[in-house]
Amino acid sequence: MSFLLTCLSCNLPAAQVAAINKLQVAAARTNRVLSVPDFERTPDALTASVADAIAKGNSELDQIASQNLDHVTFENTVGALENLRAESSIVANRAALIAETHADSLMRAAGERARKKLQEWNVGLDYREDVFKVIKAFASKEPKLTGEDARLLAETLRDFRRAGMEMPPQEREQIKQLRSELSALAAEFESNLLAAKAPFVFTKAELDGVPEDFLSSPRIRRDNDRYQVMADAMWQYNIVEDCARNEATRKRLYVAHDSLAKEKNVPVINRMLALRNQIALKLGYKSWADYQAEVRMAKTAANAQAYIDNLVTGIHPKFEAELREFQKMKATDTGDPKAQINIWDWRYYTNQLNKLKFALDKEALRNFFPFEQTLDGMFFIFGRVFGLRFDQTEPPYKWADDLRLYVVSNADTGAPIGLLYLDMFPREGKTARGGEFEIVNGRRLPGDKYQAPAAAVVLDVPPPSGDNPSLLSHADVEILFHELGHALHCILTRAKYSRFAGTHVPIDFVEAPSQMLQNWIWDKRVLDTFAADYRDRSKKIPAEIIKKMNDARFATAGTFYRRQFAFAAADLALHEAHPSEEPYDCVAISNRIFERTFLPIDAQTSFISSFLGLNGYDAGYYGYAWADAIAADMATVFEKAKDGYLDKQAGMKLRQEIYEPGDSRDVNVSIEKFLGRKQSVQPFLKKIGIGSEDTK
Ligand SMILES: [Zn+2]
């Protein structure tokens, strides 16, 4: 039958072929094409796949370009371009997964090369003038398009315009030049940061309060009374900042950390900002922040700024109250009633407060989350809420022995919808620590068929050892729910085009549905459905522990979020309107905002020189808080429903209004349809301990 895939012609055990065949037949009854991803097994095979994909893509581009302008249609222009992008993205997706998870280092390297090559080819598509000409010829016919087709044409034209294709050739060339200079600087920024090392040697007295197992680890302990801590290694930095009683130690390490790569990166950043500004101005935008916001939910930089300003004000009372508590603790510690909380103090006092108020034994909680039961419990909950079934099947090909494959089906009809791979345990060379990877995106295929999506969730949870099961931390379970949310966003899509499928929504929205799902595992009713002591399954997590966990969860949220808002505000300020002839001083701009929004800093530092958000998420850092606020807003639909987080009606609404449409319509519309009202930041403020009940 035509829907069977070439991969099944490989030498597979007959039982596996039969199992997959059966599923494919079942899927075909609802016109779904359930493809099992055909993973390359050797570096050469991967290189060949990329070469094929590019050759095929180029020949299709040539075909689009060579058409008679009188005979252009939606299908042979915009549709064809979207189709070839979708096809090449499937190869790129496999390469990305191989690059980050394959057990063989040669395969990982080949995956990385393949990914890069396809990325470069993709950027080149923006500059195919001959293709753009044909698309424009179609647009000039003012076709009567609706829905996703209209959206696809508008966004395709927008991409070309944003690349500079509407400009006269000479200026377009300049923009292309500026973009390539910018990407070289971005690479330089990252390699400077990787090369930045900041070792510090402390005595034991200077590290008083830091846990013994950290100090005795061979990477830290040098000899009897010398301990080396690297300010550039986050895990080392955090533990010392969290635990060191000695303020001078915390400050020394903070100054080093917040000055990482200062000499090299400050000029690089100033140049990057100038280039971004030039590109934006040339393209007719007021600022780079506006250029970036255009394709995000925020739409304009002013909207993003107003949102952050609002949250900064909204959170102020809680932030102040937390600081007062920290201040009291520091006054007691130092004997100085006027002691001030500085930026090198907040982690330490947050940790002290948590220990003092909520003596929680996080390790003991693991007993309630044995891996297999947790996974079954999660599938049961999501099955019930979204009307789904998750059936394990044997993957025809495994890149790791413990890889699993699940078929996600509609619970009522049993019709398969898509595939879910789980790669859960650590192994040598696996760099992905937690994430969701799209492998195949849903899209309409010729003959009224639909491509069934496939996604993978990759985590790094403790493996079982001997007779002991794998026991997850509460944080692991939270990540699992979060990543499964992304996978379902991908798998449940009904978008007509791959471009709009599932998680291909604006980056300031994409985290929101998954962040919302994290709430599930803080709820007693949900936890009681699956969390139980593996040694005695009749033992659930005691109610008072769950209450304590919840109290601790937002106890210092004011401080946490004010810092997030400070990063967001600094990032927006760096990318706001700026006279093109005026040089940038990134340190002055960002330090000023950071100090104003968060805590007193040390003037010699330059946190911006190691701020990764500057590269790739530029003028977009606000998106983290933005998505958090939307997540809290959307969670109210469940909170008000009859069955709370287990409510099927609310779940089906989420499936139909958020997951299924993806980006095929404006996400603002989707959110408001799901909420049944306008959006509000009040639920977010209320969740973290402030604001009113009113969400109207
Ligand atoms: Zn996420």
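### Notes on the overall build of the chain
Logical step 1: Helix and strand content of the chain: 26 helices and eleven strands.
Logical step 2: Against the 2.2 N^0.38 benchmark of 26 Å for 696 residues, the chain shows a C-alpha radius of gyration of 26 Å, consistent with a compact globule.
Logical step 3: With the principal axes as the frame, the chain shows a C-alpha extent of 85 × 70 × 55 Å.
Logical step 4: Per-residue burial over the chain gives 56% buried out of 696 residues.
Logical step 5: A fraction of 73% describes how many contacts in the chain between residues 6 or more apart in sequence connect residues 24 or more apart.
Logical step 6: Roughly 30100 Å² of accessible area belongs to the chain as shown, and the carbon and sulfur atoms make up 52% of that amount.
Logical step 7: Computed over 90 positive and 96 negative side-chain charges, the inter-centroid distance for the chain is 2 Å.

### Focus on helix 11 (residues 262–282)
Logical step 1: Helix length check: helix 11 (21 residues) gives 30 Å between terminal C-alpha atoms against 30 Å at 1.5 Å per residue, within 8%.
Logical step 2: Among the residues of helix 11, those classed as buried are Asn265, Val266, Val268, Ile269, Asn270, Met272, Leu273, Leu275, Arg276, Asn277, Ile279 and Ala280.
Logical step 3: Backbone geometry just downstream of helix 11 places Gly284 in the positive-phi region, at approximately 90 degrees.

### Focus: the sheet that holds strand 7 (residues 416–423)
Logical step 1: Read across the sheet, five strands follow the order 5-6-7-11-8 without closing on themselves; strand pairing throughout is mixed. Of all the strands in the sheet, just strand 5 (388–393) and strand 8 (435–440) have a single pairing partner and so form its edges. For this sheet the average axis-to-axis angle between neighbouring strands, irrespective of direction, equals 25 degrees.
Logical step 2: Across five bridges, the pairing between strand 7 and strand 11 (residues 454–458) is parallel.

### Section: unusual backbone geometry
Residues apart from glycine generally show negative phi values, whereas peptide bonds are mostly found in trans.
Logical step 1: With phi around 65 degrees, Asn31 is a residue other than glycine that occupies positive phi space.
Logical step 2: On the secondary structure map, Asn31 appears in the loop between helix 1 (14–28) and strand 1 (32–33).
Logical step 3: Backbone geometry places Asp448, a non-glycine residue, at a positive phi of 60 degrees.
Logical step 4: With a relative accessible area of 55%, Asp448 lands in the exposed category.

### Focus: the nonpolar core
Logical step 1: Counting residues in hydrophobic clusters, the biggest one holds 204 residues, and the most contacted among them are Phe382, Leu420, Phe509, Phe530 and Met634.
Logical step 2: For this core, the element with the most residues is helix 23 (residues 622–639), which contributes twelve residues.
Logical step 3: Setting aside residues no more than four positions away along its own chain, Leu420 makes contact with Phe379, Phe390, Arg404, Leu405, Tyr406, Val408, Ala455, Val457, Leu484, Ala487 and Ile491.
Logical step 4: Listed in part, the 23 residues of the second largest apolar core include Leu23, Leu34, Val36 and Ala452.

### A word on the coordination of the zinc ion
For a metal bound by four donors in a tetrahedral arrangement, the ideal donor-metal-donor angle is 109.5 degrees, while six donors in an octahedral arrangement ideally sit at 90 or 180 degrees.
Logical step 1: Bound to the zinc ion on the protein side are His482 (NE2), His486 (NE2) and Glu511 (OE), at distances that span 2.1 Å.
Logical step 2: One chain supplies every donor to the zinc ion, and in sequence these donors are spaced H-x3-H-x24-E. On the criterion of helical spacing, the pair formed by His482 and His486 is a turn pair, its members being four residues apart in helix 17 (residues 474–491). As far as burial versus exposure is concerned, His482 and His486 are alike and both buried.

### Regarding the pairing of strand 8
Logical step 1: Counting buried residues along strand 8, six of its six residues qualify, which places the element largely inside the surrounding structure.
Logical step 2: Pairing analysis gives five bridges linking strand 8 to strand 11, with the strands arranged antiparallel. Paired with Gly435 across the bridge in strand 11 is Val458.

### Things to note about the environment of Asp618
Logical step 1: One can find Asp618 in the loop between helix 22 (586–597) and helix 23.
Logical step 2: Along the sequence, Asp618 and Val505 sit 113 residues apart, while their C-alpha atoms lie 17 Å from each other.
Logical step 3: Every residue in contact with Asp618, bar those within four places of it in the chain, is listed here: Arg276, Trp288, Gln292, Arg296, Asp571, His575 and Gly613.

### Looking at the packing of helix 3 (residues 75–101) against helix 5 (residues 129–139)
Logical step 1: At a minimum axis separation of 9 Å, helix 3 and helix 5 run at an interaxial angle of 130 degrees. By the criterion of interaxial angle, the relationship of helix 3 to helix 5 is oblique. From helix 3, Thr77, Val78 and Leu81 reach across to helix 5, where they touch Val131, Val134, Ile135 and Phe138.
Logical step 2: Across the contact of helix 3 with helix 5, the residue classes break down as six nonpolar, one polar and no charged.

### Considerations on the pattern of salt bridges
Logical step 1: Per the counting criterion, the structure on display carries 50 salt bridges.
Logical step 2: In this structure, Arg85 and Asp126 form a salt bridge, with 3.8 Å as the shortest nitrogen-oxygen distance. Residue Arg85 is located in helix 3, and its partner Asp126 is located in the loop between helix 4 (105–125) and helix 5; the two are separated by 41 residues in the primary sequence.
Logical step 3: We classify Asp126 as buried; its relative accessible area is 14%.

### Some thoughts on the sheet that holds strand 1
Logical step 1: Taken together, the three strands give an open sheet; going across it, the order is 1-10-9, and neighbouring strands pair in mixed fashion. Looking at the sheet topology across the chains shown, the edges are occupied by strand 1 and strand 9 (443–445).
Logical step 2: Sheet topology note: the strand 9/strand 10 (residues 449–451) ladder contains three bridges and is antiparallel. Residue pairing in the sheet places Leu445 in a bridge with Lys449 of strand 10.

### Things to note about the confidence of the model for the chain
Logical step 1: Chain-level pLDDT for the chain is 92 on average; 97% of the residues reach the 70-or-more range.
Logical step 2: Taken together, the stretch residues 1–10 has pLDDT below 50 and engages in 18 contacts with residues farther than four places along the chain or on a different chain.

### Structural notes on the packing of aromatic side chains
Logical step 1: Inspection of every chain in the model, using the stated rule, returns 42 aromatic pairs.
Logical step 2: Between Phe371 and Phe425 the ring centres are 5.1 Å apart and the planes differ by 65 degrees, which places this aromatic pair in the edge-to-face class. Remark: Phe425 occurs in the loop between strand 7 and strand 8 and Phe371 occurs in helix 16 (residues 371–386); sequence separation between them is 54 residues.
Logical step 3: Note on Phe425: relative accessible area 8%, which makes it buried.
Logical step 4: Geometrically, the ring pair formed by Trp399 and Tyr421 is tilted, given 5.6 Å between the ring centres and 35 degrees between the ring planes. Placement of Trp399 in the loop between strand 5 and strand 6 (404–410) and of Tyr421 in strand 7 is noted, with a sequence separation of 22 residues between them. Of the two residues examined, Trp399 and Tyr421, each falls in the buried class.
Logical step 5: These aromatic residues form a ring-pair network of at least three members: Phe319, Trp346, Phe567, Phe594, Phe598, Phe607, Phe611, Tyr617, Tyr621 and Tyr624.
Logical step 6: Above the ring of Phe500, the side-chain terminus of Arg151 is found at 5.6 Å from the ring centroid.
Logical step 7: The ring of Tyr127 carries the charged tip of Lys176 above its face, separated from the ring centre by 5.1 Å.

### Comments concerning the side chain of Asn591
Logical step 1: Residue position: Asn591 is located in helix 22.
Logical step 2: When its relative accessible area of 9% is taken as the criterion, Asn591 is described as buried.
Logical step 3: Setting aside residues up to four positions removed in sequence, Asn591 forms contacts with Ile601, Ala603, Thr605, Ser606 and Phe607.

### Focus: the side chain of Thr597
Logical step 1: Inspection of the secondary structure puts Thr597 in helix 22.
Logical step 2: Here the side chain of Thr597 touches Ile593 through a polar contact of 2.8 Å, landing on its backbone oxygen.
Logical step 3: Once you skip the residues sitting within four places of it in the chain, Thr597 turns out to touch Val312, Phe319, Arg562, Phe565 and Ala566.

Parameters and conventions
- Along each chain, residue indices are assigned from 1 in the same order as the chain's sequence is written.
- This being a predicted model, a pLDDT of at least 70 is required before a residue's local features are given, and a value of 80 or more before pairs of side-chain atoms are given or counted; all residues contribute to the totals for chains, interfaces and linings.
- To obtain the side-chain values, all non-hydrogen atoms of the structure were used and water was disregarded.
- The numbering of helices and of strands both runs from the N terminus, where a helix is a DSSP run of H or I of at least 4 residues and a strand a run of E of at least 2.
- Only the C-alpha atoms count toward the radius of gyration. The rule for a globule is 2.2 Å times the residue count to the power 0.38.
- Buried, partly exposed and exposed residues are distinguished by accessible area as a fraction of the type maximum, computed with a 1.4 Å probe on protein chains only: under 20%, between the cut-offs, and over 50%, respectively.
- Here, two residues are considered to be in contact whenever any of their heavy atoms come within 4.5 Å of each other.
- The Shrake-Rupley method, run with a 1.4 Å probe sphere, supplies the accessible areas, and residue values consider only the shown protein chains as cover.
- Charged-residue counts in this description rest on Lys and Arg as positive and Asp and Glu as negative, His and the chain ends being excluded.
- A charged residue contributes its charge at one atom only: NZ of Lys, CZ of Arg, CG of Asp or CD of Glu.
- For a helix, the expected span equals 1.5 Å multiplied by the number of residues minus one.
- We call two strands paired when DSSP finds no fewer than two bridges between them.
- Convention adopted: a line fitted to C-alpha atoms gives each axis, helices being fitted over their contacting stretch, and angles between N-to-C directions are expressed from 0 to 180 degrees.
- Buried Ala, Val, Leu, Ile, Met, Phe, Trp, Tyr and Cys residues that are joined via side-chain atoms within 4.5 Å together make up what is termed a nonpolar core.
- Each metal's donors comprise the N, O and S atoms found within 2.8 Å of it (within 3.2 Å for Na, K or Ca). Water is not part of the atom list, so some coordination spheres may appear incomplete.
- Orientation categories follow fixed angle ranges, with anything under 35 degrees roughly parallel, anything over 145 roughly antiparallel, 65 to 115 roughly perpendicular, and all other angles oblique.
- The classification used treats Ala, Val, Leu, Ile, Met, Phe, Trp, Tyr, Cys and Pro as nonpolar, Asp, Glu, Lys and Arg as charged, and all other residues, Gly among them, as polar.
- The working definition used for a salt bridge is a side-chain nitrogen of Lys or Arg within 4 Å of a carboxyl oxygen of Asp or Glu.
- pLDDT is a residue-level measure of predictor confidence that goes from 0 to 100.
- Two rings belonging to Phe, Tyr or Trp (six-membered ring only in the last case) form a pair when the distance between their centres is within 6.5 Å. Interplanar angles under 30 degrees mark stacking, angles over 60 mark edge-to-face geometry, and anything in between is tilted.
- Lysine and arginine charges are scored as sitting over a ring when NZ or CZ, respectively, is within 6 Å of the ring centre and within 35 degrees of the ring normal.
- Distance and chemistry together define a polar contact, namely a pair of N or O atoms within 3.5 Å, with one atom able to donate a hydrogen and the other to accept it when in protein, and with adjacent residues in sequence counting only for side-chain atoms on both sides.

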